[in-house]
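# Remarks on the overall topology
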Amino acid sequence: MLFRSGIPHSPRSQKANSLGSGFIIDEKEGLILTNYHVIADADEVKVILTEEDSDRDGIDAKVVGGDAEADVALIKIKSTRKLVAAQMGDSDVLQVGEWVMAVGNPFGHGHTVTKGIISAKERVALPMSQFSNYLQTDTPINPGNSGGPLINTAGEVIGINTAINAAAQGIGFAIPINYVKRILPELRSKGAVTRGFIGVNISEITPKLAAGLKLPKETRGVVVSEVIEGEAGAKAGLQRYDVIVSINDKIISDSRQLVNTVSSFAPGTSINVKVMRAGKEKDLKVVVGKRPTREKLTQKSGPGKGLKPKMDLGMSVSDLDDEARRELNVPNNVKGVLVEDVVEGGPADEAGLSPRDIIVEVDQKPVTGLRMFNGLFKEPRIYLISFR
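Residues numbered from 1 in each chain as written. Predicted model: local features only at pLDDT ≥ 70, side-chain atom pairs only at ≥ 80, totals over all residues. Heavy atoms only, no water.

### Overview of the overall build of the protein
Tallying secondary structure elements over the protein gives 9 helices and 26 strands in all. Going through the 388 residues of the protein one by one, you find that 46% of them count as buried. Long-range contacts, defined here as pairs at least 24 residues apart, represent 59% of the contacts in the protein between residues at least 6 apart. (Helix = DSSP H or I, 4+ residues; strand = E, 2+ residues; numbered from the N terminus. Buried < 20%, exposed > 50% of the residue type's maximum accessible area, 1.4 Å probe, protein only. Contact = heavy atoms within 4.5 Å.)

### Some thoughts on helix α5 (residues 255-263)
All of the buried residues along α5 are L258, V259, T261, V262 and S263. Two or three places before R256, at the opening of α5, D254 has a side-chain oxygen 3.3 Å from that residue's backbone nitrogen. (Polar contact = N/O pair within 3.5 Å; in protein donor to acceptor, adjacent residues only side chain to side chain.)

### A short note on the pattern of salt bridges
Here the structure, examined in full by the defined rule, presents 10 salt bridges. Between E29 and R188 there is a salt bridge, with its nearest N and O atoms 3.1 Å apart. Of this pair, E29 sits in the loop between β3 (23-26) and β4 (31-34) while R188 is found in helix α2 (residues 177-189), placing the two residues 159 residues apart along the sequence. R188 sits in the partly exposed class, given a relative accessible area of 37%. A network of salt bridges, in which partner residues are shared, links D26, E29 and R188. (Salt bridge = Lys/Arg side-chain N within 4 Å of Asp/Glu carboxyl O.)

### Quick look at the environment of Q239
Here Q239 is to be found in the loop between α4 (232-236) and β17 (243-247). Classification of Q239 by relative accessible area gives partly exposed; the value is 40%. Setting aside its immediate chain neighbours within four residues, Q239 contacts V224, V227 and R277.

### Here we look at the packing of aromatic side chains
By the definition in use, this model includes 1 aromatic pair. With a centroid separation of 6.2 Å and an interplanar angle of 75°, the aromatic rings of Y134 and F173 are classed as edge-to-face. In this pair, Y134 sits in strand β10 (residues 134-137) while F173 sits in strand β13 (residues 172-176), placing the two residues 39 residues apart along the sequence. Judged on exposure class, the residue Y134 and its partner F173 are both buried. (Phe/Tyr/Trp six-rings, centres within 6.5 Å; stacked < 30°, edge-to-face > 60°.)

### Quick look at unusual backbone geometry
Unlike most non-glycine residues, D71 shows phi in positive territory, near 60°. Of note, D71 is situated in the loop between β6 (59-67) and β7 (72-77). For D71, a relative accessible area of 10% puts it in the buried group. A positive phi angle is found at N329, which is not glycine, with a value near 55°. Structurally, N329 is set in the loop between α7 (322-328) and β23 (337-342).

### Topic: the sheet that holds strand β12 (residues 157-164)
If you walk around this closed barrel you meet the 6 strands as β8-β9-β10-β13-β12-β11, and the pairing is antiparallel. Between one strand axis and the next, the sheet turns by 45° as a mean value, whatever way the strands run. Both strand β8 (residues 99-104) and strand β9 (residues 112-123) contribute to a ladder of 6 bridges, which runs antiparallel. Following the sheet pairing, W99 is matched in β9 by I117. Against the sheet, α2 touches β12 and β13, its axis set at about 40° to β13. (Pairing = 2+ DSSP bridges. Axes fitted to C-alpha atoms, helices over the stretch in contact; angles between N-to-C directions.)

### Some thoughts on α2
Compared with the 18 Å implied by 1.5 Å per residue over 13 residues, the 19 Å span of α2 between its first and last C-alpha is a close match. Roughly 40° is the biggest bend found in α2, and it falls at I183, with proline P185 one to four residues downstream. Listing the buried residues of α2 in full gives I177, N178, Y179, V180, I183, L184 and L187. Contact partners of the buried residues in α2: β3, β4, β6, β7, β12 and β13. With its phi angle positive at about 85°, G191 sits one or two positions after the end of α2. (Expected span 1.5 Å × (residues − 1). Bend = angle between axes of the 7 residues up to and from the residue.)

### So, the side chain of K274
Along the chain, K274 turns up in strand β19 (residues 270-277). In this structure K274 comes out as buried when scored by relative accessible area, which is 18%. For K274, the side chain forms a polar contact with the side chain of D283, separated by 2.9 Å. Sequence-distant contacts of K274, defined by excluding residues within four places in its chain, comprise V243, I244, V245, S246, E281, K282 and D283.

### Here's the deal with the pairing of strand β20 (residues 280-287)
Looking at chain direction, β19 and β20 are connected through 8 bridges and run antiparallel. Looking at β20, one finds that V273 is bridged to L284.

### Let's talk about the side chain of S21
When you line up the elements, S21 lands in strand β2 (residues 16-21). Side-chain polar atoms of S21 contact the backbone nitrogen of N105, separated by 3.0 Å.

Have a look at this one:
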């Protein structure tokens, strides 16, 4: 199945076309799955079922639902042809080394089949999505294959071909079909996917962070670096420096697992969050909120007036002035300094700091400005830096 999406280019120019692939999942309703990025921002979507002359102009398609976070979209067509739905398999039972095929429309050449194996499972492929543990395959996938099916030897769809590592050879990624099955009912009924949210920013437990917080060596979990005011976590009593160790008795070992676990709960669900606070375990009842859109979670960047602190931390920082607050949408009650630049491989870079971070505490001491920030670094040792 081939797609052609007409995307507005500019008021005075011709339309730009985007090519992709997809597969039928319901022959009666004419429902087709594809990638969200294939149809995003399109003013019209055409589906070409075959490469015969009678079908070359394509069939108008309606977007039923889309989820940019997972890069999955559901569209619908009405066709006089007899449609045949693809059979969905079970991506959880796939084994590394298993043979698979990719079907799609590479570079607009038309229906094409390539073969390879499953190279790995549960791959993280950010910034594509943090909600899919991708299948990695060496099956040739090219531009135009996006949205097409990855098929096992039984002819079942076990993934949606999504992306490649352009700098490599034979590294492609597909969304596991079992994940798509979980969000499909919402896409069909609501047109969108609703995910849970507790309103915290988190950090991985590194040796330096564990030392700064005086955590036992065996501690597993994620550290709360910020509790967003008014959100579910704040209402339930979560605090900065809490270490989230489990949710509903499910052990949390890293930030990706926490995000995926919380997102799987419907807003309004009450969950039990176990934290370590000052060396003691504490259970909190959190009523899950609704996850904001990606746009609302992303901060805007802006210019600054970077100054180096007295110690060489491998970064430049500046006072958080009114201009920076407006550009970064920082509330007036947040005090700190703005990270302007980070030297690659330096102490700040190794600690996980990035430009546009706002440092609000050092060794659990509030930072109100650049002068105080500089004064907190007196001798070479490990410092615990908390940032927004």
